[in-house]
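Here are the chains, one letter per residue:
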Amino acid sequence: MYKEPIFLSPVYQKRIWGGQNLKKEFGYDIPFEQTGEAWVMSALENESNIVKNGPLANKTLLDLWENHSELFNKNNKNDSVYPLLVKILDANANLSVQVHPDDTYAREIEKVPYGKTECWYVLNAREDASIILGHHAQNREELDRMTKDGEWDKLLQTKKVNPGDFFYVPSGTIHAIGEGIMILEIQQSSDITYRVYDYDRTDDNGAKRELHLEKAKEVTTIPHKSSEFPRIRECVEGLTSDTLIKEKYFTVYHWILDGTVTHKLSADFLQVNVIKGEASIKVEDQSFAIQKGDNFIIPHSVQSFQLVGNAEFVVSHITE
Ligand code: ZN
């Protein structure tokens, strides 16, 4: 039986809106001048995380998912693709305004297994930073007219953000992360994005990025439905756990550790992202130091573990 947390090394993505904050904040060894994303839980082909420790070292998360189903308690399930993807994003400039399809549209039109519902935990935000979440069009005609006439300020709903904020972005929601924000994103494992508006930006060659307005309008929820969830707080020993969301695809918690807690695994497996502080995790007799920037999976074979220290975590799992 495998009795260790599975530590993963991130995969980095170059983005025109990226920067250097993933290095400054998390000490990541980023390869690009404009690194936009660290994929910290990814089992996508060619972009899968590599295991850092133990007998599974140097294997990919994809390999584990496909060949070590006991780690995920996958036996009776037919998930052929690891269902979630977790990223840390450094929005050094505005991200394009975009929308993602749901599972049905993704399967029928794009021939991929999942659409994309996502959620964001705000790690850092400049004082004046904001996001776009939703739109003001009341019907399809209004959406058509406002996109055609470029009335973006009138169409798009903006929101100021602060560190610690959490946002749920179901498929069909028009959204964009604004300049000066770092977020941890938990999403369905899909990358189907329809770009609605890109601030008329051009690249080094004077070219604009492609827009996908027709598909975007087909998948957008009209009128916008806002989704907010009350945080449910639970305190056990040295751990304060807020449930940020429990929906169809994922359940997400924010944990504050101040002292010691023994935690029993209540999901098939856990995805753990350390976002602040230092601590240690103990499984049976073995103890592992953990710190801000570490990302690991608690496999199904670890039924209980102890955390000791002062740290914050975003913890997630598939909703069963
Ligand atoms: Zn998105």
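Further up the page is the structure itself.
What this report covers is the structure whose coordinates are included nearby. Every value quoted in this text rests on a predicted model; they were computed, and no experiment measured them.

1. Brief notes about the pattern of salt bridges
Across all of its chains, the model carries 21 salt bridges by this definition. For E284, the salt bridge is made with K3, and the minimal N-O distance between the two is 3.9 Å. Pair noted here: E284 is in the loop between strand 17 (270-283) and strand 18 (286-291) and K3 is in the segment before strand 1 (6-9), with a separation of 281 residues, a long-range link. The exposed category is assigned to E284, whose relative accessible area is 56%. E37 is paired through a salt bridge with K87; the nearest N and O atoms lie 3.6 Å apart. You can see E37 sitting in strand 3 (residues 35-41) and its partner K87 sitting in strand 5 (residues 84-91), a full 50 residues away along the chain. You can call E37 buried: its relative accessible area is 5%. Here K87 falls in the buried class, since its relative accessible area comes to 2%. Among the charged side chains, a salt-bridge network with shared partners connects R15, E37, K87, K116, E118 and D191.

2. Side note on helix 3 (residues 103-110)
Residues D103, Y105 and A106 constitute the buried set of helix 3. Down the axis of helix 3, the smallest arc covering the buried residues is 165°, so these residues share one side. Check the buried side of helix 3 and you find it contacts strand 12 (181-188), strand 13 (194-197) and helix 6 (213-219). Directly after helix 3, the chain includes K111, whose backbone phi takes a positive value near 60°.

3. A closer look at the coordination of the zinc ion
The protein atoms that coordinate the zinc ion are Q98 (OE1), H100 (NE2), E118 (OE) and H175 (NE2), at distances spanning 2.1 to 2.8 Å. One can describe the site at the zinc ion as irregular: its four donor atoms subtend angles covering 79 to 157° at the metal. Mapped onto the sequence, the donors of the zinc ion take the spacing Q-x1-H-x17-E-x56-H. Remark: E118 occurs in strand 7 (residues 118-125) and Q98 occurs in strand 6 (residues 97-99); sequence separation between them is 20 residues. Owing to a relative accessible area of 13%, Q98 belongs among the buried residues under this scheme. The exposure class assigned to E118 is buried, which follows from its relative accessible area of 2%.

Basis of the calculations
Residues numbered from 1 in each chain as written. Predicted model: local features only at pLDDT ≥ 70, side-chain atom pairs only at ≥ 80, totals over all residues. Heavy atoms only, no water. Salt bridge = Lys/Arg side-chain N within 4 Å of Asp/Glu carboxyl O. Helix = DSSP H or I, 4+ residues; strand = E, 2+ residues; numbered from the N terminus. Buried < 20%, exposed > 50% of the residue type's maximum accessible area, 1.4 Å probe, protein only. Arc of directions from axis to C-beta. Contact = heavy atoms within 4.5 Å. Donors = N, O, S within 2.8 Å, 3.2 Å for Na, K, Ca; no water. Tetrahedral: all angles 85-135°; square planar, octahedral: opposite > 155°, others 65-115°.

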